[in-house]
Amino acid sequence: MKNFIRTMMVTAIMAIFCFVGQAVAEVTVASWGGAYTMSQQKAYGDTFSDSPLIGGKVNFVNYNGGLGEVRTQVESGNITWDIVDVLPSQARTGCDEGLFEELPRDVFAKAPDGTPMDEDMFVKVPNDCVVPQIWWSYMAFYKKGTFSGTQPNTIGDFFNVSKFPGKRGIHTWANALIEMALMADGVPPANVYKVMSSKAGIDRAFAKLDTIKDHVVFWSSGAKPLELVTSGEVSMALAYNGRVGAAILSEDAPFVPIWDGQVLEEEWLVMTKGTNNYDEALRFLIHASAPAQQAGQAKWINYGPMRRSGMAILEANEPFFHNGKNIMPHMPNTDEHMKGGLYANPDWWADNGDSISERFKAWQGK
Amino acid sequence: MTSNSYVASQPLLTADGIPLKVSLQRSMRRNKLRAIGLVLPPLLFLLSLFIIPIGNLLTRSVDDKLINFQLPLTFRVIEKWDRHTLPDEELFDAMSFDLSTINKLLITKNSGTQVDPDDPGWRVKIPKKGPYKEPILKINPNWGEVETWLPLSRIVQNALDYQGSKKEKRLVEKRAKFDICSYLTPLKNAACSQIFKVLKGWDQQSVSDEKYFKALYKDLSSAHKFLAGKSSTRMNYEKPGWKSLIKKSVRNIKKIKNPPYREAMFKIDERWDDVTFWQSLLVMKDPYTSGYFLNAFDRKFDEGMNIVMQPEERQVYVMLWWRTLLLSFIVTIGCLVLAYPTAHLLATLPLKYSNLLMICVLMPFWTSLLVRIVAWMVMLQQEGVINDALVISGILADENRLPMMYNFTGTVIVMIQILLPFMILPIYSVMKGIPPSYMRAAQNLGAKPSLAFLKVYMPQTLPGVGAGVILVFIVAIGYYITPELVGGKDGTLIGNMVAYHMQQSLNWGLAAAMGTVLLVAILILYWVYDKIVGIDNMKLG
């Protein structure tokens, strides 16, 4: 009897091990959470798993930005994030330092007219590690009914606490704030980076930031500014445009976006170096960067696809949003919305980001 | 005349004939060994999973060797420079070699003062398309010896000998490729796959074939790219602009065919003409630096290696240190003031009520930290519960709502509530052990209740108070979550800056330096506490 039990247990344990060994390889994607990750899940993750040709499980985890954890994982050899959704400066720094895999550029899906991926984009690919994701922007917004009389509609109004009273919600890092402060101070968008390259320009930006200093509430996660504006803690806030748009489109939230002064940023997907799921992750990246999926994400959130062919699909198929509304009026990188805005310069931030951030932290503290 | 005192004429013996002294010593040693044996597992656990990894990370606070790997020739030649005028051709020459060639990874004497600038190995040019064997042997003839390649071969063999599933073998091979590169370079994330491939079938007899050298060149060239990227990030902390300068130069220096390099490098980027960039190199020369510790206190080295303050607008750390100390102090005092009466109540009430109250103390303790913080946000924010109550009841006008969230006040309030159980429990357990008869005896002897309390009761509770104070203070000083969520502008503490440098700016040297300073500060405070109150006077119950 004892022998029988023992053999049964051994068999059971062995069976469990065999089962575990056959487990389907899972691709883990680290992204920013909230409505954004939800849109990625729907546009990329679900379509990946459902596709009969590729298949595979995709698992989304949240992180708050920064390459600290990626670097730890790569240096220790214990990779848990196969793919990371990174900001432009990190896409450059990480590739330079060897934190991301360099991908073969010819495996990616071509546009319907045959253009290879690297030529089908609105910007030049900075290196071989990145796969295009979206365009997004920092933009100001407020809740309908907060202000009576004239409504704010320029970035200068965001910095004008006397005309539009109440607190301001801004993010706890310096990107886009310097540009917005200068634009609010009257610098035309085309000259902003030239002004920023001099110390006087930076001083000017911080002087403008000083005008709202006592009215500032900081946020660090994407959903927080919406919360602050809804609860009335702040009267205007800066946020990722997609979060605001998703709330307006999906939930009919009473938000009003201010397109003037928006700062457009790239977003890239990269693969962590040394990951065990290289093949599956590469298949996922090929899938996610195909024009159809790029357009597909705009069904759920109003971020612009980075590929021209993706944008073309959008324009041709309005109304595109999943609940039947038009998406083009909410796209950040249309000519109309870009009139008072600018494209961020990640190379400038790669160089000067550290010292500006330290100065910003000092400004925060005082 | 017999004496009454017993004089031992021979040593005392135990029942089995062994001298008592020896027997005693043996049993004491056995006890000691048993005690060590019991303590050893947790000690080893602590050492291997806590002290060693954290110690390793903290060594990054002084470790600056990465740049010395990247620019060995430059740092040797720069010693001759006068530091004030623009460097001459020799230094530009050295810089261009360090940036564009991989000779430093092949030559033996490639660090610190060992570097010989006149060694012809530095100037050997390895043609991009080959042949590779001759130039590499000219740089360092050791590469023609089998012994030099044996350690690499061993790594490859270990990977090939691994028994496991196909997938596992693939992963082990991948790791081995990283290991080969980390043997040859200071990088842990470069893959030397070509070397792995050629050494797979190696017979360990000779390395005369061109293919070994081709693999060596290819792998080291790609690893060199990452070395440049990593070290330029570090250089950028010292002087913003280095990152793009190095990147641009590495791309373009290969195009320079012949010396002189000076003018050619000016043409590549005008920053090479700026003497301040060269001066910043002087600060980075030493493999071990105290620069990070200086940065942690708003200071830095200037080109003469004097300690100067950072520019005014970048000074933030000293202010944060003071604020952290102040906030921890306020939180500790606040906790003490609230916890003492509570603990006294808990200790003196009959069991039925005190159990109930104890649940009130412990229940928040068991609730998730984030839930508690968010609950406070709801209570304290501008349109939150407290403000709304005050406005509705007419005490405050609508415009004068109290700002209690996302600032210093909010941080203090939330931290006091979070750290209260740490203060209540030690004091409570000490108070529980004080017999009530002491107070009655004191009052019997004529003392007023307040005098009895001060002279008799309070001194007995001091060990518990001490334990609670030290616990709360140490936790508060390193706290990071609460200031991050509710601190706003004036509630952020030094812990938030450590997190920022670990996650966002990747300046792990500075983060490690700040962590070390925190650790030393705690140890000093612990020592002071020991001198004043005495560690033996600390009781947790």
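Residues numbered from 1 in each chain as written. Chains lettered and ligands numbered in written order. Predicted model: local features only at pLDDT ≥ 70, side-chain atom pairs only at ≥ 80, totals over all residues.

## Remarks on the overall build of chain A
In step 1: Within chain A, the regular secondary structure consists of 14 helices and ten strands.
In step 2: Taking 21 Å as the expected radius of gyration for a compact globule of 366 residues, we find that chain A reaches 23 Å, a close match to that expectation.
In step 3: Within chain A, contacts between residues separated by at least 24 positions form 75% of all contacts whose residues are at least 6 apart in sequence. (Helix = DSSP H or I, 4+ residues; strand = E, 2+ residues; numbered from the N terminus. Rg over C-alpha atoms; globule rule 2.2 N^0.38 Å. Contact = placed C-beta atoms within 7 Å.)

## Some details on the overall build of chain B
In step 1: Helix and strand content of chain B: 24 helices and two strands.
In step 2: Here the C-alpha atoms of chain B give a radius of gyration of 34 Å, more than 25% beyond the 24 Å that 2.2 N^0.38 yields for 541 residues.
In step 3: Each of the three principal axes of chain B carries a C-alpha extent, and together these read 100 × 100 × 55 Å.
In step 4: Expressed as a percentage of the 541 residues in chain B, the buried residues total 36%. (Buried ≥ 20, exposed ≤ 12 C-beta atoms within 10 Å, placed from the backbone.)

## Here we look at the interface of chain A and chain B
In step 1: Each partner contributes to the interface: chain A provides 36 residues, whereas chain B provides 39 residues.
In step 2: Breaking the side of chain A that touches chain B down by element, the ones donating at least two residues are α3 (68–76), α4 (88–96), β6 (216–219) and α14 (346–365) of chain A.
In step 3: Per element, the largest residue contribution to the side of chain A that touches chain B is 13 residues, and it comes from α14(A).

## Details of the environment of A:Lys144
All names here are of chain A.
In step 1: Checked against the element boundaries, Lys 144 lands in the loop between β4 (131–143) and α5 (155–158).
In step 2: For Lys 144, a count of 10 C-beta atoms within 10 Å puts it in the exposed group.
In step 3: Between the alpha carbons of Lys 144 and Lys 325 there is a distance of 20 Å; along the sequence they are 181 residues apart.
In step 4: Sequence-distant contacts of Lys 144, that is, excluding residues within four places in its chain, are made with Pro 254 and Val 256.

## Concerning the nonpolar core
In step 1: Of all hydrophobic cores here, the largest spans 161 residues; its most connected members are A:Ile83, A:Phe141, A:Val270, B:Leu419 and B:Ile427.
In step 2: Per element, the largest residue contribution to this core is 15 residues, and it comes from helix α19 (residues 408–432) of chain B.
In step 3: Dropping the residues within four chain positions of it, A:Val270 is found in contact with A:Ile83, A:Val84, A:Val86, A:Ala91, A:Gly94, A:Phe100, A:Cys129 and A:Val130.
In step 4: By size, the runner-up hydrophobic cluster in this structure holds 58 residues, among which are B:Ile67, B:Leu105, B:Ile126 and B:Ile155. (Core = buried A, V, L, I, M, F, W, Y, C linked by C-beta atoms within 7 Å.)

## Examining the domain arrangement of chain B
In step 1: When cut into domains, chain B gives domain 1 (15–59), domain 2 (66–289) and domain 3 (317–537).
In step 2: For domain 1 of chain B and domain 2 of chain B, the distance between their C-alpha centres works out to 48 Å. (Domains from an automatic or database assignment.)

## With respect to the domain arrangement of chain A
All names here are of chain A.
In step 1: In terms of domain boundaries, chain A breaks down into domain 1 (24–135 + 267–330) and domain 2 (138–264 + 342–365).
In step 2: One C-alpha centre belongs to domain 1, the other to domain 2, and the line joining them spans 26 Å.
In step 3: Contact with domain 1, which involves 18 residues of that partner, is made by 16 residues of domain 2.
In step 4: The leading source of residues in the side of domain 1 that touches domain 2 is α4, at four residues.
In step 5: When its residues are assigned to classes, the side of domain 1 that touches domain 2 shows eight nonpolar, eight polar and two charged. (Nonpolar A, V, L, I, M, F, W, Y, C, P; charged D, E, K, R; others polar.)

## Quick word on the packing of helix α15 (residues 317–348) of chain B against helix α21 (residues 449–477) of chain B
Residues and elements named next belong to chain B.
In step 1: Interaxial distance between α15 and α21 falls to 9 Å at its minimum, and their mutual angle equals 145 degrees. The interaxial crossing formed by α15 with α21 has right-handed handedness. Counting all contacts with α15, which are made through Thr 324, Leu 327, Ser 328, Val 331, Thr 332, Cys 335, Leu 336 and Ala 339, the residues of α21 involved are Val 465, Gly 468, Val 469, Val 472, Phe 473, Ala 476 and Ile 477.
In step 2: Looking at the contact of α15 with α21, its residues break down into eleven nonpolar, four polar and no charged. (Axes fitted to C-alpha atoms, helices over the stretch in contact; angles between N-to-C directions. Left-handed = near helix turned anticlockwise from the far one by under 90°.)

## Remarks on the packing of helix α7 (residues 146–161) of chain B against helix α8 (residues 166–184) of chain B
Angle between the axes and distance between the axes: these two values describe a pair of packed helices.
All names here are of chain B.
In step 1: Remark: α7 packs on α8, axes separated minimally by 9 Å, with the N-to-C direction vectors making an angle of 165 degrees. Regarding the angle of α7 to α8, the classification is roughly antiparallel. For the pair α7 and α8, the crossing hand works out as right-handed. On α8, the residues touching Pro 151, Leu 152, Ile 155, Val 156 and Ala 159 of α7 are Val 172, Glu 173, Ala 176, Asp 179, Ile 180 and Tyr 183.
In step 2: Looking at the contact of α7 with α8 residue by residue, the classes come out as nine nonpolar, no polar and two charged. (Parallel < 35°, antiparallel > 145°, perpendicular 65-115°, else oblique.)

## As for unusual backbone geometry
Peptide bonds are, in most cases, trans, and in most cases residues other than glycine have a negative phi.
In step 1: Cis geometry is found at the peptide bond from A:Glu318 to A:Pro319, where omega equals -10 degrees.
In step 2: Residue B:Leu506 is not a glycine yet carries a positive backbone phi of 60 degrees.
In step 3: With respect to the helices and strands, B:Leu506 occurs in the loop between α23 (494–503) and α24 (508–532).
In step 4: Among the residues examined, B:Leu506 registers 25 C-beta atoms within 10 Å and is labelled buried.

## Let's talk about the confidence of the model for chain B
Residue and element names in this part refer to chain B.
In step 1: The pLDDT averaged across chain B works out to 87; a share of 97% of its residues lies at or above 70.
In step 2: When mean pLDDT is compared element by element in chain B, α15 scores highest at 94, while helix α5 (residues 103–106) scores lowest at 85.
In step 3: The ipTM assigned to the predicted complex is 0.80, against a pTM of 0.83. (pLDDT = per-residue confidence, 0-100.)

## Re the pairing of β4(A)
Residues and elements named next belong to chain A.
In step 1: Here β4 lies mainly inside the structure; twelve of its 13 residues are buried.
In step 2: Bridge count between β4 and strand β8 (residues 255–271): eleven bridges; the pairing is antiparallel. What sits directly across from Ala 140, in β8, is Ile 258.
In step 3: As judged from the two bridges shared by β4 and strand β9 (residues 304–305), these two strands associate in the antiparallel manner. From the neighbouring strand, Trp 135 faces β9, where its bridge partner is Gly 304.
In step 4: Here β4 runs beside strand β7 (residues 236–240); their pairing, made up of five bridges, is antiparallel. (Pairing = 2+ DSSP bridges.)

## Points about the environment of A:Gly166
All names here are of chain A.
In step 1: Structurally, Gly 166 can be placed in the loop between α5 and β5 (168–171).
In step 2: Judged by local crowding, Gly 166 falls into the partly exposed class, with 16 C-beta atoms found within 10 Å.
In step 3: In this structure the C-alpha to C-alpha distance between Gly 166 and Val 234, which are 68 residues apart in sequence, comes to 6.1 Å.
In step 4: Beyond its immediate sequence surroundings of up to four residues, Gly 166 is in contact with Thr 146, Val 234, Ser 235 and Met 236.

## Focus on the environment of B:Leu43
Residue and element names in this part refer to chain B.
In step 1: Locating Leu 43 in the fold gives a position in helix α1 (residues 20–59).
In step 2: The exposure class assigned to Leu 43 is exposed, which follows from the 12 C-beta atoms found within 10 Å.
In step 3: For the pair Leu 43 and Gln 417, spaced 374 residues apart in sequence, the C-alpha to C-alpha distance is 33 Å.

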